[in-house]
Amino acid sequence: MPKDWYEWHDLYNLRQLADYLIHGNCATLPGGRTGGKNSSVDPVFTAVGAIAFAYLRNRICAPRDMSAGAATAFRAAIDKLLTSVH
């Protein structure tokens, strides 16, 4: 697949993360398990998003990247989105 396809999917997932961080629990999250027989979401799409979220969650470093409180909130938001996406 072309490289720009992956970049577009990463940007979509990062936009979801930003929206969740801004709006908190009021943000609509994508529906639970995907990629199953009855799912309308492409499993590759969710896998790319899950990989991007997991990478970000594991790479955040406090205090280098952000404060400890911000890193905790960021990781919690990523975990919530990971649960809803994959």
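Participant: Explain the pattern of salt bridges here, please?
Facilitator: Note on pairing: side chains with opposite charge can pair once their charged atoms come close. Tallied over the full model, the rule gives 2 salt bridges. One salt bridge in this structure joins Arg57 and Asp79, with 3.1 Å as the shortest N-O distance. Of this pair, Arg57 sits in helix α2 (residues 43-59) while Asp79 sits in helix α3 (residues 68-85), placing them 22 residues apart in sequence. Its relative accessible area of 24% is what places Arg57 among the partly exposed residues.

Participant: For this particular structure, what's the right way to read the nonpolar core?
Facilitator: Where a protein is soluble and globular, its nonpolar side chains tend to be buried together. Judged by nonpolar contacts, Leu17, Tyr20, Ala50, Phe53, Ile60, Ala71, Phe74, Ala77, Ile78, Leu81, Leu82 and Val85 together constitute the single largest core of 12 residues. Only α1 (3-23), α2 and α3 provide two or more residues apiece to this core. In terms of residue count, the dominant contributor to this core is α3 (7 residues). If we skip the residues at most four places from it in the chain, Ala77 touches Leu17, Tyr20 and Leu21.

Participant: Help me understand the environment of Asp65, please; the structure alone is not making it clear to me.
Facilitator: Its location among the elements puts Asp65 in the loop between α2 and α3. Among residues more than four places away in sequence, those in contact with Asp65 are Arg59 and Ile60. Of the polar contacts made by the side chain of Asp65, one reaches the side chain of Arg64; its length is 3.2 Å.

Rules behind the numbers
- Residues numbered from 1 in each chain as written.
- Predicted model: local features only at pLDDT ≥ 70, side-chain atom pairs only at ≥ 80, totals over all residues.
- Heavy atoms only, no water.
- Salt bridge = Lys/Arg side-chain N within 4 Å of Asp/Glu carboxyl O.
- Helix = DSSP H or I, 4+ residues; strand = E, 2+ residues; numbered from the N terminus.
- Buried < 20%, exposed > 50% of the residue type's maximum accessible area, 1.4 Å probe, protein only.
- Core = buried A, V, L, I, M, F, W, Y, C linked by side-chain atoms within 4.5 Å.
- Contact = heavy atoms within 4.5 Å.
- Polar contact = N/O pair within 3.5 Å; in protein donor to acceptor, adjacent residues only side chain to side chain.

Geometry only, nothing functional implied.
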